[in-house]
Structures are given as C-alpha cells and as structure tokens.
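# Breakdown of the fold
Read off the chains here:
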Amino acid sequence: MKKIYPNKEVCIGCHLCEVACVTAHSKTKDTILAHNVEKAQEGLAPRRNVAQDGPICVALSCRHCEEPMCVAACISGALTKNPETGRCEYNEEQCVGCWSCLMACPFGSIRRHPFKEKIVKCDMCAGRDTPACVEACPNAGLVFEDRGKD
Amino acid sequence: MAFAPINKNYHDFFVVRDKEACINCQVCVRQCSYGVHYWDEARQCVRHDNTKCIGCHRCEALCPTQALLIQEKPSTFKPNALWRPVFIKNIYKQADSGGVLLAGMGSPVDIPVYWDKMLLDASQVTNPSIDPLREPMELRTFLGAKPNALQFEQTDQGPKVKTEMKPNIKLNTPIMFSAMSFGSINFNLHVAMARAATELGTFYNTGEGGLHHSLYQYGANTIVQVASGRFGVHRDYLNAGGAIEIKIGQGAKPGIGGHLPGEKINAKVSETRMVPLGSDAISPAPHHDIYSIEDLHQLIFALKEASAYRVPVSVKIAAVHNVAAIASGIVRAGADIVTIDGVRGGTGAAPAMIRDNVGIPIELALASVDQRLRDEGIRNQASIVAAGGTRCSADVVKAIALGADAVYIATAALLSVGCTLCARCYTGKCPWGIATNDPYLAKRQNPDIAAKKMVNLVRAWSHEIEEMLGGMGLNSIESLRGNRDKLRAVGLNSVELDTLGVKAAGR
Ligand code: SF4
Ligand code: SF4
Ligand code: SF4
Ligand code: SF4
C-alpha cells in the first residue's frame, strides 16, 4: 500500500504542500480562489502541517496507521479504516465534534475545523493518483511509495 | 520601506507583486534569504522591502500563483557612455564602506566571447555526414601523458606493447566537473557531484577543500586538488583520487588566494579541511614552496612519489599573458595534464576589480597553448583541459577543435541545480542552497535531485556533441582534437585569427 512519507532531511519548510492541499480540497480547485475566498468564507484549511524548528522542518499529516487510534476512539463511526485502500477515512456528516480522535491521535494529525464543530484530516487525496502535496513539493520532501508494513 | 539611507535607494532590483494573484501564503517570505518579503501584521498581508533584493529570483520561482516578478529597477542615471551606472553605484558603495568590492561567480563584463565568433564545419557531398543514432560515436577521452612512440615485442601470446604507459584517466565524455571546494559549496552538492561523475563515467574535482571520508567511495572518479593552503591534504587524500591537481591559479581571480570565511567553517568542513571550527581558511596567493618551474617540478614529483606514480598529476593555471610559455614550462616540469582557466571562470568570492579586469579569454589561451606545445614537440606529454565559461555543448566542441582534450564545467553545473547567477555567493546566503553551509538553506539541494540534474545536463550535451561530430563527418572526438580546420571565424581581425589559428569564414 502506498503511503506518504515525509523526509526531514530535505524538507525546506516552504509550505507549498499546504498550499497544494488547500487547493486540492477546495470546490473551485483554483489556488487563488481557494485561498482568498474559500479559506475566508468556509474555513478551508490544510490537512497537512509543516513543523519547523530552526533548520529542521518536516511536513506532517495523518499516517493512515495500520491500527488507527482515532478510529478506535471515534464515538460516532465517522472515522473508519478501509482495509482495501489502507486509507483512514473520515465522513464529515457523521462527525459530532467530540474531539476524541484529536486526543487519541499520537501524531497530532487531526485538527479542528476553524469554523465548524468538525475535524480536518488528510484523506491521502482520494480520487488522485498522487496526493497533491507530494506532487507540489519542490524538493522531494514528501514521497508516495509502498514501503510494506510500517 | 520608507527612509532608507540615500545610497540604499540606488538598489538594482525591485519586486512586482500581483495583488490579485497573491494568496499571502508567505512562501516568498520563507524563501528569501535576504529578508525582502515579510508579513505585515498591521496590514495583514505580505509586503516587501525593495532595497534588500539582490535578484536571485528564488521567490519568483517558488511562488505558487506566479504573483511575483523581479525586475531590474528602471530608474536610470543621466546617460553617460563613460560613467555607466555600475561605476557610479560602485563609487557610492565604496564612499560609504571604504572597502574592496566583492563579487561571486564569473565576470559579467562584456569581454569578447570568441566562441560566438567561431562556426563549425558540416559535411556536404564530398565527405558524408554520419548519423549518430545509427553509427557508433566515440566520446571516450584519456587524459595524461602519451608516449612519443610505441614499441612492440613478440611474446608467446602474440605481439604486445612494450612501451611503458604513463597513468591516464578515462572519461566517457570530454566533460568534467571543475573544482568547487566543500565549504564554498555545501556537502549536499559535493555528494551530488561525486555521484553524477561516477554515473557518467567522468571526473569531478574536490577543489581546495579536501575530501570528506564518506566520499572516498567515489575516489575513482575524483580529482583531488592541492592548493596553496594545503587544506585537507594528507597521504590518504592523495591516494583517494584518480588524479591529483595542483592549483596555481584560478580564472576568476588570477594571482589572488582563496578565503573561506569562518562562518562557512562548520564541523564537517573543519574536519575535512583540517582547520579549526569557525576560523577563516585562507589560502595564500602563492604556494610558498613554488617560486620557479624547478620548484613546481619538485612538488609534482613529490605528489607522484606520495601516490606511487599511479595517477596523473595536473597543474591548473589561470589564463594570463604568456600563458603558452608558462604551460610549456609546466609540461617540462612533469605535469601530465595542464588545466587552463579563462577569465570567465567562476568563484565563491573575488574582488570585483580582479574578476572583471585580470586574465584573458580561454579561447585565445587554449589556442596558443596547444600551438606552442605542438611547435615544441611536447603536445603528447600532457593533456590540455580548458575551463572558464563553457556555456553549451557547442563551446565544448569548439574547445576541442581548438586543442583541448576535455573541458571542465562548473557554473553550468550550478545553473543545472538552480543557480541564477546573482553573484552573491560570498554572502553565505545563497537562496538556492548552493554557495552556503547554512543548514536551513543547504537543504534546498536534495543530493538525489541535484545528481540527477547534473547527469541529465552532461548526457544532453554529450548527445549534442555526437550530433555535431556526425554533422562534421567524424565518428570520434579524437579526430576533432586540435582540428582547427573544422572552425571558421566571423568578424575577427587578422591578429585574432592568427592567435586562434583559425581561418576566416569563406576561406
Ligand atoms: S512542500 Fe515539501 S519541502 Fe515544502 S514544506 Fe512541504 S514537504 Fe517540505
Ligand atoms: S509566495 Fe506568492 S502567493 Fe505566496 S505570499 Fe508570496 S507572492 Fe503571495
Ligand atoms: S528571494 Fe531573491 S529575488 Fe526574491 S526578493 Fe529575495 S532577494 Fe529578491
Ligand atoms: S551560487 Fe547561489 S549565490 Fe552564487 S550566483 Fe548562484 S544562486 Fe547566487
């Protein structure tokens, strides 16, 4: 199963992955509208976060774990593990905003939606061959590959 | 920003930001190592300070909405053919600082480029051209001394070459990566160059910064340099490479030593160069043990002795007046390769006046060295490597036709990994992560990507060289070497034609 792996050795902290993420998850798929309109009006937020401390930067998001803590913690069934695709899927309709998953995720990969009482989480760009963040990264700071079980 | 000191307002570049397109993502803020872009808290948007922009184009290249344009500032001084803006601005700067003007990369000054005044021959009906896609093309090149004549002997297994061959290095393409020291460029790029040279079957040169132990595995494709500072030079280093190069001079700054500022000496550089952490590494202008050709002879043979006569020794000089006589002396002193670096060679840092006013074009130097060595009957005793401002594969072909065995590229290799020739290498803030050891900036060069780009560049040029050879009806680079009949010049006077040994077009 292919997963997104961050590489802190070459991540330059440009945040272009976040820009691509927001665009990919926008209605318009237009970078300018996504950032200047949808972000302000609908609280569109990146599902990937770049952490930085001096020269060390790394782009973090959901690991789509083998045995996801968030799925175990979710009280409403909004989070499920798809054994076929390996994706840890999220159904916004079902989310009740209890933040159990937020506390359960050991990687801090789940965030609160800026406006709604819902969460924001990486979906590995369902529907795309390569996730938008991986495609946009200028330095191979993110790679999408199958490394077997991890 | 308002209220900049008077002379700061005569800056060279300014930023045009398309406000409609800017999404305030701050990518530009993070990419600019000169602090031009910033987040304006009061206005809640990204803004910039034009006075600080040095024109590296990093922000422009990475802006996800193409909202940025970096332009030369259009304000002009009153036109004056003598007092061009560069001279005026330099005087303002020096009146403020009282210091030597520093610059990086090669000279941008308008010195004639003879490559552009020479054209290649092409086969027509009398001799046919060759299709390099169908016929084998030979770019293999051997650098080192060749024997005057070959002697053979009969053995039970048949005839064998009796003549003892001097050590040579084998290149799959006549292009090598020129000396760029670890320190002046960072470790990521040294790894990338080493890997690229190995993959291409050619050589890279350590420059005067020594060789980090982790790169000894690429030794078979490494030329180890011995410069006046002797940084990182020890027995294992001399034996790690496939060739040794003594650096006497450098095209970008003939007669000037090297200076790597203390800020660039991090733990790895300090270990490799064998200099204390954070202290300046100064290589003096002269080698303090070379004051004559006899002294050079001693050093060449000391290095050959230290490396058990297994590898060729090269001597690199800058192209200067009387270069042919100097090269003849170098060959007679025992060098197996003479490297000549022309006036457009690059550097991490040089006084701008030296960079722009000292030296001669490589084309003239190369032609006169090759001719002199031929006239003296010693051309076979050494190979000639030309360096300094090779911009494309046609330059390589012309260099070989003028007498070079191979060329070194450096600026072109840096361009392949993003360099925009902003010429601020000496600041240590290279926004492209090349001429910097700042760990945050150096990360911008992913060694895997950089190696791939360098390999691609040399592969592309090699294909083009094959095409040009085929067009001339030649199937090996050997047949082109010193074959000046394959060149014709346009717009040159008779002295220049004579120096180049090239006929005028139409002749
Ligand atoms: S785009 Fe790549 S280099 Fe830039 S922050 Fe994201 S992972 Fe790092
Ligand atoms: S990188 Fe481009 S879009 Fe982002 S803030 Fe800068 S100018 Fe605006
Ligand atoms: S990144 Fe380079 S071109 Fe862009 S503003 Fe900074 S100095 Fe100027
Ligand atoms: S190496 Fe870096 S600092 Fe030097 S000219 Fe190129 S981009 Fe500019």
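None of these values were measured; they are calculated from a predicted model.

Each helix and strand counted, chain A has 5 helices and 8 strands in total. Secondary structure of chain A in N-to-C order comes out as β-α-α-β-β-α-β-β-α-β-β-α-β. In the structure as shown, chain A presents an accessible area of about 7600 Å², 53% of it carried by carbon and sulfur atoms. For chain A, the distance from the average position of its 19 positive side-chain charges to the average position of its 19 negative side-chain charges is 2 Å.

The share of residues in chain A with pLDDT of 70 or more is 99%, and the mean pLDDT across the chain is 93. Ranking the elements of chain A by mean pLDDT puts strand E2 (residues 49-53) of chain A last with 92 and helix H5 (residues 132-136) of chain A first with 97.

Now for the sheet that holds strand E22 (residues 487-489) of chain B. Judged by pairing direction, the sheet is mixed, and its 3 strands sit side by side in the order E6-E22-E23 (chain B) without closing on themselves. A strand with exactly one partner marks an edge of an open sheet, and here the two such strands are strand E6 (118-120) and strand E23 (503-504) of chain B.

Put simply, an interface is often sized by how much accessible area is lost when its parts join up. With 19 residues of chain B in contact, the opposing surface of chain A contributes 22 residues. In total, chain B and chain A occlude about 1500 Å² of area from one another, counting both sides; carbon and sulfur atoms represent 63% of this. A per-residue breakdown of the area chain B buries against chain A is headed by Ile23, Tyr440 and Lys443 of chain B, which together make up 39% of the total. Seen at the junction of chain B and chain A, the total is 0 salt bridges.

Applying the stated criterion across every chain yields a total of 4 aromatic pairs over all chains. With 5.3 Å between their ring centres and 45 degrees between their planes, tyrosine 10 of chain B and phenylalanine 77 of chain B make a pair best called tilted. Pair noted here: tyrosine 10 of chain B is in the segment before strand E1 (13-17) and phenylalanine 77 of chain B is in the loop between strand E4 (68-72) and helix H3 (85-97), with a separation of 67 residues, a long-range link. Overall, phenylalanine 77 of chain B belongs to the partly exposed group, its relative accessible area being 22%. Over the ring of tyrosine 5 of chain A we find arginine 147 of chain A; its NZ or CZ atom is 3.9 Å from the centre of that ring. One Lys or Arg, lysine 268 of chain B, reaches over the ring of phenylalanine 187 of chain B and ends 3.8 Å from the middle of that ring.

In this section: the site of ligand 4. Residues and elements named next belong to chain B. Close to ligand 4 lie Met105, Cys419, Thr420, Leu421, Cys422, Ala423, Arg424, Cys425, Cys430, Trp432, Ile434 and Ala435. The site holding ligand 4 turns out to be the largest cavity. Its residues assigned to classes, the shell around ligand 4 comprises 10 nonpolar, 1 polar and 1 charged.

Below, the discussion takes up the site of ligand 2. In the vicinity of ligand 2, 13 residues are found, and the nearest of them are Arg17, Cys22, Cys25, Cys28 and Cys63 of chain B. Along the lines of polarity and charge, the residues of the shell around ligand 2 split into 9 nonpolar, 3 polar and 1 charged.

Residues and elements named next belong to chain A. According to the domain assignment, chain A consists of domain 1 (1-61 + 122-145) and domain 2 (66-121). Here domain 1 and domain 2 have C-alpha centroids that lie 18 Å from each other. Across the contact, 18 residues belong to domain 1 and 12 residues belong to domain 2. A buried area of about 1200 Å², summed over both sides, lies between domain 1 and domain 2, and 48% of it is on carbon and sulfur atoms. At the surface where domain 1 touches domain 2, the tally comes to 0 salt bridges. Inspection of the region where domain 1 meets domain 2 yields 7 residue pairs in polar contact (both at pLDDT 80 or more).

Counting 123 residues, the largest nonpolar core has Phe177, Ile340, Leu402, Ile409, Ile434, Leu469 and Leu500 of chain B as its most contacted members. When neighbours within four sequence positions are excluded, leucine 402 of chain B is seen to be in contact with Trp115, Met118, Glu363, Leu366, Ala367, Asp370, Gly482, Arg484, Leu487, Leu500 and Val502 of chain B. Counting 26 residues, the second largest nonpolar core, distinct from the first, contains Ile4, Cys57, Ile119 and Val134 of chain A.

Looking now at the pairing of strand E13 (residues 222-226) of chain B. Residue and element names in this part refer to chain B. Most of E13 is tucked away, with 5 of its 5 residues classed as buried. Burial along E13 is two-sided: the face carrying Thr222, Val224 and Val226 and the face carrying Ile223 and Gln225 are both buried. As judged from the 2 bridges shared by strand E12 (residues 204-205) and E13, these two strands associate in the parallel manner. Each bridged residue has a counterpart across the sheet, and for tyrosine 204 the counterpart in E13 is threonine 222.

Attention now moves to the layout of surface pockets. Any space left empty among the atoms is revealed by the rolling of a water-sized probe across them. All names here are of chain A. Here the second largest pocket is characterised by a volume of approximately 460 Å³. Around the second largest pocket, the lining is made up of 24 residues, and of these His25, Leu44, Arg47, Tyr90 and Glu92 lie nearest the centre. Among the elements that make up the lining of the second largest pocket, the one with the highest residue count is strand E5 (residues 88-90) (3 residues). When its residues are assigned to classes, the lining of the second largest pocket shows 9 nonpolar, 4 polar and 11 charged. The two domains that each donate at least three residues to the lining of the second largest pocket are domain 1 (1-61 + 122-145) and domain 2 (66-121).

Below, the discussion takes up the pattern of salt bridges. Side chains bearing opposite charge may pair, as long as their charged atoms lie close to each other. All names here are of chain B. One pass over the structure, following the stated rule, counts 30 salt bridges over all chains. Its salt-bridge partner being aspartate 236, residue arginine 235 comes within 3.5 Å of it at the nearest N-O pair. Residue classification places arginine 235 among the exposed residues on the basis of a relative accessible area of 61%. With a relative accessible area of 37%, aspartate 236 lands in the partly exposed category. Where arginine 379 meets aspartate 405, a salt bridge forms, and the shortest distance between an N and an O atom there is 2.7 Å. In this pair, arginine 379 is assigned in the loop between helix H10 (362-375) and strand E20 (383-387) and aspartate 405 in the loop between helix H11 (393-401) and strand E21 (406-409), connecting sequence segments 26 residues apart. Accessibility classification places arginine 379 together with aspartate 405 in one group, the buried group. Residues joined by salt bridges that share partners form a network here, namely Asp370, Arg374, Arg379, Asp405, Glu478, Arg481 and Arg484.

Definitions and limits used
Residues numbered from 1 in each chain as written. Chains lettered and ligands numbered in written order. Predicted model: local features only at pLDDT ≥ 70, side-chain atom pairs only at ≥ 80, totals over all residues. Heavy atoms only, no water. Helix = DSSP H or I, 4+ residues; strand = E, 2+ residues; numbered from the N terminus. Areas by Shrake-Rupley, 256 points an atom, 1.4 Å probe, with all protein chains shown as cover. Lys, Arg positive; Asp, Glu negative; His and termini not counted. Charge placed at Lys NZ, Arg CZ, Asp CG, Glu CD. pLDDT = per-residue confidence, 0-100. Pairing = 2+ DSSP bridges. Contact = heavy atoms within 4.5 Å. Buried area = accessible area lost by both parts, 1.4 Å probe. Salt bridge = Lys/Arg side-chain N within 4 Å of Asp/Glu carboxyl O. Phe/Tyr/Trp six-rings, centres within 6.5 Å; stacked < 30°, edge-to-face > 60°. Buried < 20%, exposed > 50% of the residue type's maximum accessible area, 1.4 Å probe, protein only. Lys NZ or Arg CZ within 6 Å of the ring centre and 35° of its normal. Near = heavy atom within 4 Å. 1 Å grid on protein atoms, 1.4 Å probe; cavity = no way out; pocket = protein on both sides within 12 Å on 5 of 7 lines; lining within 4 Å. Sits in = over half its atoms within 2 Å of the grid points. Nonpolar A, V, L, I, M, F, W, Y, C, P; charged D, E, K, R; others polar. Domains from an automatic or database assignment. Polar contact = N/O pair within 3.5 Å; in protein donor to acceptor, adjacent residues only side chain to side chain. Core = buried A, V, L, I, M, F, W, Y, C linked by side-chain atoms within 4.5 Å. Points joined across faces, edges and corners; volume = space filled by probe spheres on them.

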